[in-house]
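Listed here are the chains, written in short residue letters.
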Amino acid sequence: MKIASWNVNSLNARQPHLEEWLRLRSPDIVGLQETKLEDSRFPDTALVEQGYRSVFSGQKTYNGVAILSREAARDVQYGIPGFADEQKRAIAATIGDIRIVNLYVVNGQAVGSEKFEYKLRWLDAMTGWLADELKAHQNLVVMGDFNIAPEDRDTHDPATWNADSIHSSTAERAALRRLQALGLHDSFRLHNDKAGHYSWWDYRAAGFRRNLGLRIDLVLVSEALKARASGAHIDREPRLWERPSDHTPVWVELDD
DNA sequence: ATGGTAGTCTAACTA
């Protein structure tokens, strides 16, 4: 079973890419981020024709998350419970025997900015929520665009992406460690300990061609699912297509 | 070179 995460940077702009990629890889479950679509404009009918049901929480221009699945989703949660947020960044659902949480974590712009403080508050609220989710669901997948590179080996240049930089700062990494300490494992690192594997490259300065990237898109799995995780992948293929997203899909493979 | 590109929407914000 293949469970994937992809920040599409506008589903309107990337619908052809998504449809092509679904045909190419046949994932069972996909979490999308930055759909940038109001719910009334979500292309759920077109996706049904490809064999995927969808649940989604979006808004115009910014943010927006969705979960696509071959099987119907149940017990859908929109947003972080008890955390008032105008921005559509979280959605969760149960599919088969697996609880899926799909996140578009706040970017944060710059360490010390107002947006950075919002990022830390958001991460704190999200972690509290997921502690409860873990109590209720032993089979939990938490995926998305985390906007945090977990370690130096997840950046192309630790001098640029340092303790004071957005995406790699001490406070952000500590917040991610607190989440993982609940018992959530970075599926990519179960199978690959090397540097140089990224999921995002800046559109500017030919970032992809020069592999100047960050690994900020993660699929975390609970202890019970760690035992079933047989592989994890970063799929660079869609980044080679015309008009790509700046992020590329990542996934975990679970034994049935 | 303190830049660069892309999406949404046509000015400026976000990433």
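Residues numbered from 1 in each chain as written. Chains lettered and ligands numbered in written order. Predicted model: local features only at pLDDT ≥ 70, side-chain atom pairs only at ≥ 80, totals over all residues. Heavy atoms only, no water.

Details of the overall build of chain A
Here is step 1: When helices and strands are tallied, chain A shows six helices and 14 strands.
Here is step 2: Relative to a compact globule of 256 residues, whose C-alpha radius of gyration would be 18 Å, chain A shows 17 Å and is just as compact.
Here is step 3: Over its C-alpha atoms, taken along the principal directions, chain A stretches across nearly 45 × 45 × 35 Å.
Here is step 4: If you sum the accessible surface of chain A, you get close to 11100 Å²; carbon and sulfur atoms cover 47% of it.
Here is step 5: Of the side chains in chain A, 32 bear a positive and 37 a negative charge, and the two mean positions are spaced by 3 Å. (Helix = DSSP H or I, 4+ residues; strand = E, 2+ residues; numbered from the N terminus. Rg over C-alpha atoms; globule rule 2.2 N^0.38 Å. Areas by Shrake-Rupley, 256 points an atom, 1.4 Å probe, with all protein chains shown as cover. Lys, Arg positive; Asp, Glu negative; His and termini not counted. Charge placed at Lys NZ, Arg CZ, Asp CG, Glu CD.)

Some details on unusual backbone geometry
Here is step 1: Although it is not a glycine, S10 sits at a positive phi angle of roughly 90°.
Here is step 2: By the element assignment, S10 lies in the loop between β1 (2-7) and α1 (11-25).
Here is step 3: Here the phi dihedral of Q109 falls at roughly 60°; this positive angle occurs in a residue that is not glycine.
Here is step 4: Positionally, Q109 belongs in the loop between β7 (98-104) and α3 (114-136).

What about the nonpolar core?
Here is step 1: By size, the foremost hydrophobic cluster in this structure holds 25 residues, and its most contacted members are L103, W122, M126, W129, V142 and F146.
Here is step 2: Mapped onto this core, the elements with two or more residues apiece are β6 (90-95), β7, α3, β8 (140-145), α4 (170-180) and β12 (217-222).
Here is step 3: Broken down by element, this core gets its largest block of residues, eight residues, from α3.
Here is step 4: Membership of the second largest hydrophobic core comes to 23 residues, among which are I95, V221, A232 and V250. (Core = buried A, V, L, I, M, F, W, Y, C linked by side-chain atoms within 4.5 Å. Buried < 20%, exposed > 50% of the residue type's maximum accessible area, 1.4 Å probe, protein only.)

Structural notes on the pattern of salt bridges
Here is step 1: In this structure the tally under the stated criterion is 14 salt bridges.
Here is step 2: Note that R228 is salt-bridged to D97, the shortest N-O span being 3.7 Å. Within this pair, whereas R228 is found in the loop between α6 (223-226) and β13 (229-234), its partner D97 is found in the loop between β6 and β7, the two being separated by 131 residues in sequence.
Here is step 3: Ionic pairing is found between R189 and D154, a salt bridge with its closest N-O pair at 2.7 Å. With R189 in helix α5 (residues 187-191) and D154 in the loop between β8 and α4, the pair connects residues that are 35 residues apart, well separated along the chain.
Here is step 4: In this structure D154 comes out as buried when scored by relative accessible area, which is 0%.
Here is step 5: Via salt bridges that share partners, D154, D186, R189 and R215 belong to a single interconnected network. (Salt bridge = Lys/Arg side-chain N within 4 Å of Asp/Glu carboxyl O.)

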